[in-house]
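Next come the chains, spelled out residue by residue.
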Amino acid sequence: MKATQKWSTMLLAGMAAMVLSFGLVLAGCDDGGVQEVKVVTDKANAVAAVTATLTSDDLGVIISWDAVDNAYDYNIYYQQEGKKTIQSFSSYAQNAKTYDPADGTEITNTDVDKWSVLAELNSRISLISSKKYRFGVQVTDFSYNDSDIVWSGYIAVP
């Protein structure tokens, strides 16, 4: 009988050791909860402000802003008031020339930190008469990061 008791005692001690080991393993494990993952997205520096001015001959909109450090490209957008859709248009933004507010003709720019583009109505962009629109500029930097879009105030299209 003593041999049986010895084996029983060893079996119980072995089982206790396994239960204790298993408990220690569980205590050292993660709680199984959701791991928080932080996604780092760099953004380009945004322009400070955007102005949109209708030319006095009502044939174009001059969109202007100040240059941003490390800017590779400026993307131009427009949006009708009350609509969610944002549309882009291809443009040649420049700082060598600016535009005459009267008729949109190019004139020499004396401040190379000022950028602008002329959106010729019904040529580059089609806008609906008597609606209001705003214009936005988004910066892409040399690391191909985009900024948030900075919008002008709304202007009425005649």
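Structure shown above.
Residues numbered from 1 in each chain as written. Predicted model: local features only at pLDDT ≥ 70, side-chain atom pairs only at ≥ 80, totals over all residues. Heavy atoms only, no water.

Student: Could you clarify how one ought to interpret the pairing of strand β1 (residues 50-54) in this entry?
Tutor: Consecutive side chains along a regular strand alternate between the two faces of the sheet. Where β1 meets strand β2 (residues 60-66), five bridges bridge the pair, whose relative direction is antiparallel. Bridge pairing in β2 links Ala52 to Ile63. Following β1, the chain reverses through five residues before pairing antiparallel with β2; Asp58 in that reversal takes a positive phi of roughly 60°. (Pairing = 2+ DSSP bridges. Helix = DSSP H or I, 4+ residues; strand = E, 2+ residues; numbered from the N terminus.)

Student: Is there a simple way to explain the environment of Ala52 in this structure?
Tutor: Mapped onto the fold, Ala52 is located in strand β1. By relative accessible area, Ala52 is classed as buried at 16%. Contact partners of Ala52, with chain neighbours within four places excluded, come to Val61, Ile62, Phe135, Ser152 and Ile155. (Buried < 20%, exposed > 50% of the residue type's maximum accessible area, 1.4 Å probe, protein only. Contact = heavy atoms within 4.5 Å.)

Student: I would appreciate a short explanation of the sheet that holds strand β7 (residues 114-120) in the present structure.
Tutor: Strand-to-strand pairing in sheets goes through backbone hydrogen bonds, with the strands running parallel or antiparallel. In space, the three strands of this open sheet follow the order β1-β2-β7, with antiparallel pairing throughout. Edge positions in the open sheet fall to β1 and β7, since each of these has one partner strand only. The average undirected angle you get between the axes of adjacent strands in this sheet is 20°. The sheet contact formed by β2 and β7 spans seven bridges and is antiparallel. The residue bridging Trp65 from the neighbouring strand is Trp115, located in β7. (Axes fitted to C-alpha atoms, helices over the stretch in contact; angles between N-to-C directions.)

Student: Honestly, the packing of aromatic side chains in this entry has me stumped. Any pointers?
Tutor: The geometry of an aromatic ring pair is captured by two quantities: the separation of the ring centres and the angle between the planes. Considering all chains together, one arrives at six aromatic pairs under this definition. With a centroid separation of 5.3 Å and an interplanar angle of 55°, the aromatic rings of Trp65 and Tyr74 are classed as tilted. Each member of the pair, Trp65 as well as Tyr74, carries the same accessibility label: buried. An aromatic cluster is present here, built from Trp65, Tyr74 and Trp115 joined pairwise through their rings. In this structure, Arg134 packs its charged tip against the face of Trp151, placed 4.1 Å from the ring centre. (Phe/Tyr/Trp six-rings, centres within 6.5 Å; stacked < 30°, edge-to-face > 60°. Lys NZ or Arg CZ within 6 Å of the ring centre and 35° of its normal.)

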